[in-house]
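Each chain, written out:
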Amino acid sequence: TISLLCTYLLTKHGYFTSINTWGLKVFTALHLPLLDNFFITVTLLGYWLPMAIWATIITTLLVFQRHFTLAAIWISATLIGQFSIASLKNATAFTRPSVVQQPPTSFSFPSGHTAITIVFMGMLLLLSRNKLSPQTYKRGILTSTLICVIVACSRLYLGVHWISDIIAGTCLGMMIIALFYG
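Residues numbered from 1 in each chain as written. Predicted model: local features only at pLDDT ≥ 70, side-chain atom pairs only at ≥ 80, totals over all residues. Heavy atoms only, no water.

Enquirer: Break down the overall build of the chain for me, with residues and values.
Expert: Secondary structure summary: the chain contains 8 helices and 0 strands in total. Across the chain, helices and strands are ordered from the amino to the carboxyl terminus as α-α-α-α-α-α-α-α. Computed over its C-alpha atoms, the radius of gyration of the chain comes to 17 Å, within 12% of the 16 Å expected for a compact globule of 182 residues. Dimensions of the chain along its principal axes, counting C-alpha atoms only, are 50 × 35 × 30 Å. (Helix = DSSP H or I, 4+ residues; strand = E, 2+ residues; numbered from the N terminus. Rg over C-alpha atoms; globule rule 2.2 N^0.38 Å.)

Enquirer: A description of helix α3 (residues 33–45) should follow, citing residues and the corresponding values.
Expert: The first and last C-alpha atoms of α3 sit 19 Å apart over 13 residues, in line with the 18 Å expected at 1.5 Å per residue. For α3, the elements touching its buried residues are α6 (112–128) and α7 (134–157). (Expected span 1.5 Å × (residues − 1). Contact = heavy atoms within 4.5 Å.)

Enquirer: Kindly report on helix α8 (residues 163–181), identifying the contributing residues and their values.
Expert: Relative to the 27 Å expected for 19 residues at 1.5 Å per residue, α8 spans 27 Å between its end C-alpha atoms, a close match to the ideal helical length. Those residues of α8 that are buried lie in contact with α1 (2–12), α2 (17–29), α5 (68–92), α6 and α7.

Enquirer: Tell me about a nonpolar patch on the surface, residues and numbers included.
Expert: Together, W22, V26, L30, L32, L35 and F38 make up an exposed nonpolar region whose accessible area comes to about 550 Å². Going through the elements one at a time, α2 and α3 are the ones with two or more residues in the nonpolar patch. Considering the arrangement of structural elements, one finds V26 in helix α2. Owing to a relative accessible area of 31%, V26 belongs among the partly exposed residues under this scheme. (Patch = residues over 30% accessible without salt bridge, like charges linked within 9 Å, V, L, I, M, F, W, Y side chains within 5 Å. Areas by Shrake-Rupley, 256 points an atom, 1.4 Å probe, with all protein chains shown as cover. Salt bridge = Lys/Arg side-chain N within 4 Å of Asp/Glu carboxyl O. Buried < 20%, exposed > 50% of the residue type's maximum accessible area, 1.4 Å probe, protein only.)

Enquirer: Summarise the nonpolar core; cite the residues concerned and give the values.
Expert: By size, the foremost hydrophobic cluster in this structure holds 26 residues, and its most contacted members are L62, W74, I116, V119, F120, M123 and L172. Of all elements in the fold, only α4 (48–64), α5, α6 and α8 reach the threshold of two or more residues within this core. Counting residues per element, this core draws most heavily on α6, which supplies 9 residues. Once you skip the residues sitting within four places of it in the chain, L62 turns out to touch H67, L70, A71, W74 and L127. Core analysis: the next-biggest nonpolar cluster, separate from the first, contains 9 residues, F39, L156, L158 and I166 among them. (Core = buried A, V, L, I, M, F, W, Y, C linked by side-chain atoms within 4.5 Å.)

Enquirer: Please provide a residue-by-residue account of the packing of α7 against α8, values included.
Expert: Direction vectors running N to C along α7 and α8 enclose 150 degrees, while the axes themselves pass 10 Å from each other. It follows that α7 is roughly antiparallel to α8 by the angle criterion. The crossing of α7 and α8 is right-handed. Facing Y137, A152, R155 and L156 of α7, the residues of α8 in contact are I163, I166 and Y181. (Axes fitted to C-alpha atoms, helices over the stretch in contact; angles between N-to-C directions. Parallel < 35°, antiparallel > 145°, perpendicular 65-115°, else oblique. Left-handed = near helix turned anticlockwise from the far one by under 90°.)

Enquirer: Before we move on, can you summarise the environment of T28 with the specific residues and values?
Expert: Locating T28 in the fold gives a position in helix α2. Counting along the chain gives 128 residues from T28 to L156, while the straight-line C-alpha distance between them is 7.6 Å. Leaving out residues up to four positions away in the same chain, T28 has contacts with V99, Y157 and G159. Looking at T28, its side chain comes within polar contact range of the main-chain oxygen of L24, at 2.6 Å. At 3.5 Å, the side chain of T28 and the backbone oxygen of K25 are in polar contact. (Polar contact = N/O pair within 3.5 Å; in protein donor to acceptor, adjacent residues only side chain to side chain.)

Enquirer: Could you give me a rundown of the side chain of H113, with the residues and numbers involved?
Expert: If you trace the backbone, H113 turns up in helix α6. Given the relative accessible area of 7%, H113 is considered buried. Among the polar contacts made by the side chain of H113, one reaches the side chain of R155 at a distance of 3.5 Å. Setting aside anything within four residues of it in sequence, one finds H113 in contact with T43, G46, Y47, V151 and R155.

What follows is the structure, encoded as structure tokens:
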């Protein structure tokens, strides 16, 4: 909570401006056709419809396995994630970088793709941790972290988020996961 609040205040008062500008220049300078296709594909997975499909599939599997409590936890985490992202975007109303012709219509802060990917991956680990060996669980943490980093980088690479948005999305996602790991 404190990290998210600090990121918000530092962004609002311009302390992230030079870092954000630098990050935008660095990531947009990396553009190559092969990377463009890769990062577009990665970022498409984090949009609302694919996430809703994944959430529905996982909920359905949990219900069919009669894990009603786990299904309720899964649904709660996803709804809290989506609600928190939308609320913070509207409350902060920070504009996105203006380097792409058609940026997303929502505000930039926090990165919803980053936050919801962390929530999804973290909750999948939480729901499966009792069924995994300690070694497999550690591999799951590493794989999940890599996926989250790639999604966050895709948003920077495509020029639709600032570094401060990614930091805030990471903080928000981790906060939501912490609610359920406690």
